[in-house]
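So the chains spell out like this:
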Amino acid sequence: KNEVEQSPQNLTAQEEEFITINCSYSVGISALHWLQQHPGGGIVSLFMLSSGKKKHGRLIATINIQEKHSSLHITASHPRDSAVYICAVSQNTGNQFYFGTGTSLTVIP
Amino acid sequence: KAGVTQTPRYLIKTRGQQVTLSCSPISGHRSVSWYQQTPGQGLQFLFEYFSETQRNKGNFPGRFSGRQFSNSRSEMNVSTLELGDSALYLCASSVLQGYEQYFGPGTRLTVT
């Protein structure tokens with residue numbers, strides 16, 4: 001069983017749609033991370049959070065520590081948001097990540 | 001500030017050979033982590049170095065090793081390459097352990 005489960009695996013949306021990607025984890029964590037990976041491989045860290053909610057532009061990330069669940073929301077989606085979104089958790093104070101399998105998002109104009 | 005750089009970007013090796021990949025972290029970052037990404041297994045943690053010491057290690061065989069230098073640059077080495085080692089190898093740096101990580105572009109290794 002994976003320590004981190006993501007859903008959905010694949011997602012196709014129309015431009016301007018509101019998008020939600022979910023992440024559940026089964027281990028104790030020090031932080032949860034949302035990463036974005038574009039074709040070609042480069043990974044960008046979108047959020048690192050240990051409680052509550054963070055917002056950056058059209059992206060919002062929330063975490064519920066009691067339920068061991070996090071969501072990534074994209075408002076007013078745009079074709080440039082098309083990428084793989086990966087949830088990862090880190091334990092203790094180290095940088096060892098456990099990764100979800102990723103959600104492949106395609107936003108159609 | 002320059003981002004994380006990895007060299008080489010692409011590499012083709014033959015089974016049984018060994019390979020060394022290099023990662024230069026963002027200036028001032030002391031923690032470097034290495035990850036392997038394959039279509040079948042996804043992203044997996046290899047190891048983390050902080051102040052020239054390996055702090056965490058993932059579940060990989062001893063053929064995978066690494067080191068960190070006093071300037072925080074890191075190398076990873078894979079000996080006796082197998083076909084299954086074909087992957088994208090990513091490194092990431094952070095100021096300290098537990099802080100946000102910044103990823104490099106990766107080295108794509110193909111083993112034939």
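Throughout what follows, the structure given in this document is the object of discussion. A quick note: this is a predicted structure, and the numbers were derived from the prediction, not measured.

What counts, and where the lines are drawn
Residues numbered from 1 in each chain as written. Chains lettered and ligands numbered in written order. Predicted model: local features only at pLDDT ≥ 70, side-chain atom pairs only at ≥ 80, totals over all residues. Heavy atoms only, no water. Phe/Tyr/Trp six-rings, centres within 6.5 Å; stacked < 30°, edge-to-face > 60°. Helix = DSSP H or I, 4+ residues; strand = E, 2+ residues; numbered from the N terminus. Buried < 20%, exposed > 50% of the residue type's maximum accessible area, 1.4 Å probe, protein only. Salt bridge = Lys/Arg side-chain N within 4 Å of Asp/Glu carboxyl O. Disulfide = S-S within 2.5 Å. Pairing = 2+ DSSP bridges. Axes fitted to C-alpha atoms, helices over the stretch in contact; angles between N-to-C directions.

On to the packing of aromatic side chains. Within the structure shown, the criterion is met by seven aromatic pairs over all chains. Relative to Tyr35 of chain B, the ring of Phe99 of chain A lies with its centre 5.3 Å away and its plane at 85°, an arrangement referred to as edge-to-face. Of this pair, Phe99 of chain A sits in strand E10 (residues 97–99) while Tyr35 of chain B sits in strand E4 (residues 31–38), on two different chains. Here the two residues Phe99 of chain A and Tyr35 of chain B agree in accessibility, since each one is buried. An angle of 70° between the planes, with centres 5.7 Å apart, marks the rings of Phe47 of chain B and Tyr49 of chain B as edge-to-face. Across the pair, Tyr49 of chain B and Phe47 of chain B agree in class, each one buried. In textbook terms, an aromatic cluster arises when at least three aromatic residues are bridged by ring pairs, as seen for Phe97 and Phe99 of chain A together with Tyr35, Phe45 and Phe103 of chain B.

In this section: the pattern of salt bridges. Residues and elements named next belong to chain B. This structure, assessed with the given rule, holds five salt bridges over all chains. Residues Arg63 and Glu82 are paired through a salt bridge, measuring 3.6 Å at the closest nitrogen-oxygen approach. A residue pair is termed long-range when its members are at least 10 positions apart, and Arg63 in the loop between strand E6 (53–57) and strand E7 (64–68) and Glu82 in the loop between strand E8 (74–78) and strand E9 (87–94) qualify at 19 residues. Here Arg67 and Glu75 are joined by a salt bridge, their closest N and O atoms 3.3 Å apart. For Arg67, a relative accessible area of 47% corresponds to the partly exposed category. The network of salt bridges with shared partners includes Arg63, Glu82 and Asp85.

Let us now look at the state of the cysteines. Residues and elements named next belong to chain A. Inspection of the entire model under this criterion finds two disulfides over all chains. Between Cys23 and Cys87 runs a disulfide, and the two sulfur atoms are separated by 1.9 Å. Since a negative S-S torsion denotes a left-handed disulfide, the Cys23-Cys87 link at about -65° is left-handed. Highlighted residues: Cys23 in strand E3 (residues 19–25) and Cys87 in strand E9 (residues 83–90), separated in sequence by 64 residues. The same class applies to Cys23 as to Cys87, namely buried.

Pro8 of chain A follows Ser7 of chain A through a cis peptide bond whose omega is -10°. In this fold, Pro8 of chain A is placed in the loop between strand E1 (4–7) and strand E2 (10–14). Look at the link from Thr7 of chain B to Pro8 of chain B: it is a cis peptide, with omega at -10°. The topology assignment puts Pro8 of chain B in the loop between strand E1 (5–7) and strand E2 (10–13). Even without a glycine there, the phi angle at Ser72 of chain B is positive, about 75°. Within the fold, Ser72 of chain B resides in the loop between E7 and E8.

As a further point, take the sheet that holds strand E3 (residues 19–24) of chain B. All names here are of chain B. Spatial ordering of the open sheet is given by E1-E3-E8-E7, a layout of four strands whose pairing is antiparallel. Here the strands that pair on one side only, and so sit at the sheet edges, are E1 and E7. In this sheet, adjacent strand axes meet at a mean angle of 20° when their direction is disregarded. Pairing of E7 with E8 involves five bridges; the strand directions are antiparallel. Paired with Phe64 across the strands is Val78, a residue of E8.

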